[in-house]
Every structure is written in structure tokens, then in C-alpha cells.
Amino acid sequence: MNTPDLHLMIATGQNLANLIPALQCRAAEAWVLRTPAMRASAAHLSDALKARCIKVCLLDFADDNVTRLDEQAHQLARHVGERTVVVNLTGGTKLMTLALVQKLAADLQTAPGAAAPHLVYCDTQHRRLDALRPDAYPERER
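Residues numbered from 1 in each chain as written. Predicted model: local features only at pLDDT ≥ 70, side-chain atom pairs only at ≥ 80, totals over all residues. Heavy atoms only, no water.

Counting 22 residues, the largest nonpolar core has Leu8, Leu33, Leu76, Val87, Leu100 and Leu104 as the members making the most contacts within it. When residues of this core are traced back to their parent elements, those giving at least two are β1 (6-10), β2 (29-34), α3 (66-80), β4 (85-88) and α4 (94-110). It is α4 that contributes the most residues to this core, six residues altogether. Residues Met9, Leu19, Ala48 and Val56 belong to the second largest nonpolar core, which totals 13 residues. (Core = buried A, V, L, I, M, F, W, Y, C linked by side-chain atoms within 4.5 Å. Buried < 20%, exposed > 50% of the residue type's maximum accessible area, 1.4 Å probe, protein only. Helix = DSSP H or I, 4+ residues; strand = E, 2+ residues; numbered from the N terminus.)

This brings us to the side chain of threonine 12. When you line up the elements, threonine 12 lands in the loop between β1 and α1 (16-24). In contact with threonine 12, other than residues within four places in its own chain, are Asn18, Met38, Ser41, Gly91 and Gly92. (Contact = heavy atoms within 4.5 Å.)

Turning to α1, its buried residues number three or more, namely Ala17, Asn18, Leu19, Pro21 and Ala22. Summarising the contacts, the buried residues of α1 are in contact with β1, α2 (39-51), β4, β5 (118-123) and β6 (128-133).

Attention shifts here to the packing of α3 against α4. Direction vectors running N to C along α3 and α4 enclose 40 degrees, while the axes themselves pass 8 Å from each other. Compared by their axis directions, α3 and α4 come out oblique. At the point where α3 passes α4, the crossing takes the right-handed sense. Contact with α3, carried on its side by Val66, Leu69, Asp70, Ala73, His74, Leu76, Ala77 and Val80, involves Leu95, Met96, Ala99, Leu100, Lys103, Leu104, Asp107 and Leu108 of α4 and no other residues of that element. Of the residues contributing to the contact of α3 with α4, the split by class is 12 nonpolar, one polar and three charged. (Axes fitted to C-alpha atoms, helices over the stretch in contact; angles between N-to-C directions. Parallel < 35°, antiparallel > 145°, perpendicular 65-115°, else oblique. Left-handed = near helix turned anticlockwise from the far one by under 90°. Nonpolar A, V, L, I, M, F, W, Y, C, P; charged D, E, K, R; others polar.)

Bringing the confidence of the model for the protein into the picture now. Chain-level statistics for the protein give a pLDDT mean of 87 and a share of 92% at 70 or above. Between the elements of the protein, mean pLDDT differs from a low of 83, seen in β6, to a high of 97, seen in α2. This stretch, residues 138-142, has a pLDDT under 50; its non-local contacts, to residues over four places away or in other chains, come to eight contacts. (pLDDT = per-residue confidence, 0-100.)

A few words now on α4. Over its 17 residues, α4 extends 23 Å from the first C-alpha to the last, a length consistent with the 24 Å expected when each residue adds 1.5 Å. Leucine 100 marks the point of greatest bend in α4, at about 30 degrees. Of the positions making up α4, those classed as buried are Met96, Thr97, Ala99, Leu100, Leu104, Ala105 and Leu108. Among the structural elements, β1, β2, α3, β4, β5 and β6 are those in contact with the buried residues of α4. (Expected span 1.5 Å × (residues − 1). Bend = angle between axes of the 7 residues up to and from the residue.)

A separate point is the sheet that holds β5. Across a sheet, strands are paired by hydrogen bonds formed along the backbone, either parallel or antiparallel in direction. Read across the open sheet, the six strands follow the order β3-β2-β1-β4-β5-β6; overall the sheet is mixed. The outermost strands of the open sheet, each flanked by one partner alone, are β3 (55-60) and β6. Neighbouring strand axes in the sheet, compared pairwise and without regard to direction, differ in orientation by 25 degrees on average. As paired elements, β1 and β4 share four bridges and run parallel to each other. Opposite histidine 7, over in β4, you have valine 86 as the bridge partner. Contacts between α1 and the sheet are confined to β1, β4, β5 and β6, with β1 contributing the most and set at about 170 degrees to the helix. (Pairing = 2+ DSSP bridges.)

What follows is the structure, given as C-alpha cells:
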């Protein structure tokens, strides 16, 4: 199964949780959502991705207001358009993750001409990439 080349990720203090899936899934482009508290971490992640020839776009993303999170998720869906995307749910707050699953993923799945996003979670402690949708990436199982 081929994964999409656009990856959407939430900046976190543990950048390997974003870098590893981007490399394993051969991302060509990464959109990094950054909260005010994660600006420095997002910059470091951006440098690491660019060093591996991955195009990077840093996007400010709120983590303090549910209504604002929902609005931003809808805006992201419009920005993604008809592209298929991998959404890495590893970083960020629970509210951010819920907004991406409930709003962004739903918007992308129901948009005319768009495909359902791939949802992944990087479990660095157990050294695995969990695919929540589609169910699995068989070629990456150990």
C-alpha cells in the first residue's frame, strides 16, 4: 500500500514521533501544526525534515479553545483540498487530536473528490507505527 506524500503532524517535545513516520512513509511534504509553546520544537522538526529533502510548512494552531480548534480543523481541510494526507496523531493535546479526528478527518472524508485521510500514531516506546486508518500498513509490520 502506498501512503500519501503529504503528512500533517502536530509539533511536540518528542520530534522523533513525527520524524520517524514521515521518513518511513516517504513524505515529500510536511505541514507542522505548532502551538505557541511548541514553536521552538517545530523549528527543530522543520530543520530535520528539510535536511531529508522534505518540504515543510509551519502552521500556527491553537490549543486553548475548542471552538477555535474546530474552525482551524475546517480551514485545514479546505487547504488540503482533494489531496490525500497522512495525519500523524502522536503529538499535541487531546483537544487537538480530537479536532483532527472528528473535524479534519470527517471533512476530508466527505469532501467531493477527496479521499479519506490516513491516520497514524507513532509508538516510539514499542518501536511501531500504528495505522488507525487504513487498518494496517502490511509492509511496515515487524
